[in-house]
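So you can see what is in the structure, the chains are spelled out below.
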Amino acid sequence: ANRVTNLLPPLFGLAAVPSGRRDSCSNAVAPRLGPAVMEAVLEQVEQLPALLAVSRSALVRDWDSLTLDRALEWARYFQHLHDRFRTRPRLREALERRLRRGQPRPLLRFSHLGRCPQLLGLALLENRALPPAACRRLIRSLLQPPAAEAGPEPFSLPLLARRKAASRLLALPPGPPRPPEGLEPQVRAEAQLLLSRLREEGQEAEPAGEAAGRTRWLAGVLEQLPQPRTFEVVAAALLLGQGSGAEQAGGRGRDGNSLDGNQAGATGDVAGPLLAWLLGNMERFSAFCLCLPGSLLASLAGHYSQLSKPYLDLLTGWGSHLLYDPLRGRWVKSSPDKAELSWEELKERFSCLCQVSTLLRGQTQAALKLLKAQDGDFKVCGLSVWTDLLMEVEQYLRKE
């Protein structure tokens, strides 16, 4: 029952981890790793994607308990490599380059080595082809990890169960539509998972200063979601992470008061990559703003000053394309099929910005007044979209 097919990589024949293998990568020896030893380590790491692929395939039907134990031992060996080399930037980079070799997309990174036992265990638990004896052995291994591997975040079944339950829950069809003011529970759950993973990636990136790697990882994850869903999750993550280390609109809340200190330090390392991904492509940011309701965007602009100016600039661009129709007595889009806001939508967006905080209200009114002056400073309706917008916003604010 321990037959290994030709599709399995040589390393996962599955040979036992050679004795002393871990010692060859100890902290004392790591600085003096010779080229031959390092090349052997790189060749082993290169086969991790194949091991994970095999663990998800029907090939595991031929695995017995011994084969399973060897696979788990290799997973722990990869975790050991991660722990040894995580503070060595050049070695990390070499391992990550080799890990990504041959993959269609760079889905696996150096940080995945540290979670290799969890990744392998989850893949095998989901694979119904795993024989009952090997499955029982796997569960026992998860419940009672080797003493040497025990730590603050052990290779544990409860961790895998929580993540599996979350993935199953998120796979359920969405419920009835919810009002834009509230976050849909499924979107909130996805955003919380995203924030959790961003914190993990941030902890991995800090020792070697790999902030760019975290941004690349985030882009790879978000690209796998359908675009409207992606924008909802990113917006929810930014809302849940409000008060982070990203510079906010004067560091103040709705009434201009300072945000709570506990809130300010809650997720100080996660908003930056989300904002960088969002603002790194203006076409993406435009689609983000078209997709989400004005009240949600205004709330985000109020919490993150990085968003307020680009958002106002975007609204300005959309407003400049409106034309006045004298027969209908209203402003209309210059091209009905173009992805831009209508007069009613634009008016609602500016009004929402004025409700968030005193600071953002002042910025919004100042921007409209400047645009009105640049457009001729007209006092009557129908000549300048900015005159009409400013009049509508000021009339709305008087009613508050």
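Up top is the structure these notes are about.
What comes next is a walk through the structure. Along every chain, residues carry numbers that run from 1 in the direction the sequence is written. Local features are withheld for residues below a pLDDT of 70 in this predicted model, meaning they are given only at 70 or higher, and side-chain atom pairs are given and counted only at 80 or more; totals for whole chains, interfaces and linings count all residues. The side-chain figures draw on all heavy atoms in the structure; neither hydrogens nor water molecules are used.

## A closer look at the overall build of the chain
Consideration 1: Helical segments are the DSSP runs of H or I of at least four residues, strand segments are the runs of E of at least two, and each set is numbered from the N terminus. Per the secondary structure count, the chain includes 19 helices and 2 strands.
Consideration 2: Relative accessibility thresholds used throughout: buried, under 20% of the residue-type maximum; exposed, over 50%; partly exposed, between the two (1.4 Å probe, protein chains only). Counting over 400 residues, the chain shows a buried share of 45%.
Consideration 3: Contacts were defined at the residue level, with two residues in contact if any of their heavy atoms lie within 4.5 Å. Summarising the internal contacts of the chain: among those between residues at least 6 apart in sequence, 71% fall at separations of at least 24.
Consideration 4: Total accessible area computed for the chain in this model is approximately 20,100 Å², and 54% of it derives from carbon and sulfur atoms. Methods summary: accessible areas were calculated by the Shrake-Rupley approach with a probe of 1.4 Å, and residue burial reflects only the protein chains presented.

## Regarding unusual backbone geometry
Consideration 1: The backbone of Asp377 shows a phi angle near 55 degrees, a positive value even though the residue is not glycine.
Consideration 2: Tracing the sequence through the fold places Asp377 in the loop between α18 (358-374) and α19 (385-399).

## Some remarks on a nonpolar patch on the surface
Consideration 1: Residues Leu125, Ile139 and Leu143 make up a contiguous nonpolar surface patch of roughly 240 Å² in combined accessible area.
Consideration 2: For Ile139, a relative accessible area of 31% translates into the label partly exposed. Patch membership requires over 30% relative accessible area and the absence of a salt bridge. Like charges are linked within 9 Å, and nonpolar side chains (Val, Leu, Ile, Met, Phe, Trp, Tyr) within 5 Å. Every case where a carboxyl oxygen of Asp or Glu lies within 4 Å of a side-chain nitrogen of Lys or Arg is listed as a salt bridge.

## Remarks on the nonpolar core
Consideration 1: Core analysis: the largest hydrophobic core is formed by 58 residues, its most contacted members being Leu194, Leu238, Leu274, Phe288 and Phe350.
Consideration 2: When residues of this core are assigned to their parent elements, the largest contribution, 8 residues, is made by helix α11 (residues 227-240).
Consideration 3: Those residues in contact with Phe288 that sit more than four places away from it in its chain are Phe231, Val234, Ala235, Leu278, Leu297 and Leu300.
Consideration 4: Leu48, Leu52, Val54 and Leu124 belong to the second largest nonpolar core, which has 34 residues in total. In this description, a nonpolar core means a group of buried Ala, Val, Leu, Ile, Met, Phe, Trp, Tyr and Cys residues linked to one another through side-chain atoms lying within 4.5 Å.

## A few points about the pairing of strand β1 (residues 322-325)
Consideration 1: For β1 and strand β2 (residues 330-333), the ladder comprises 4 bridges, and the chain directions are antiparallel. Each residue of the ladder has a partner; that of Leu322, found in β2, is Lys333.
Consideration 2: Pairing between strands is defined by DSSP: at least two bridges between them are needed. Here β1 hands over to β2 after 4 residues, with Gly329 in that stretch at a positive phi of 65 degrees.

## Some points on the packing of helix α17 (residues 343-356) against α19
When two helices pack together, their arrangement is given by the angle between the helix axes and by the axis-to-axis distance.
Consideration 1: At their nearest, the axes of α17 and α19 sit 10 Å apart, and the two run at 50 degrees to each other. Relative to α19, α17 is oriented oblique. Crossing hand, α17 versus α19: right-handed. Of the residues in α19, those in contact with Trp343, Leu346, Lys347, Phe350, Ser351, Cys354 and Gln355 of α17 are Val385, Trp386, Asp388, Leu389, Glu392, Val393, Tyr396 and Leu397.
Consideration 2: Charged residues are taken to be Asp, Glu, Lys and Arg, nonpolar residues to be Ala, Val, Leu, Ile, Met, Phe, Trp, Tyr, Cys and Pro, and polar residues to be all remaining types, Gly included. Broken down by class, the residue content of the contact of α17 with α19 amounts to 10 nonpolar, 2 polar and 3 charged. A fitted line through C-alpha atoms represents every axis, and for helices the fit uses only the stretch in contact; the resulting angles, taken between N-to-C directions, go from 0 to 180 degrees. Should an angle fall under 35 degrees it is called roughly parallel, over 145 degrees roughly antiparallel, and 65 to 115 degrees roughly perpendicular, with every other angle called oblique. Handedness of a crossing follows from how the near helix is turned relative to the far one, being left-handed for an anticlockwise turn of less than a right angle and right-handed for a clockwise one.

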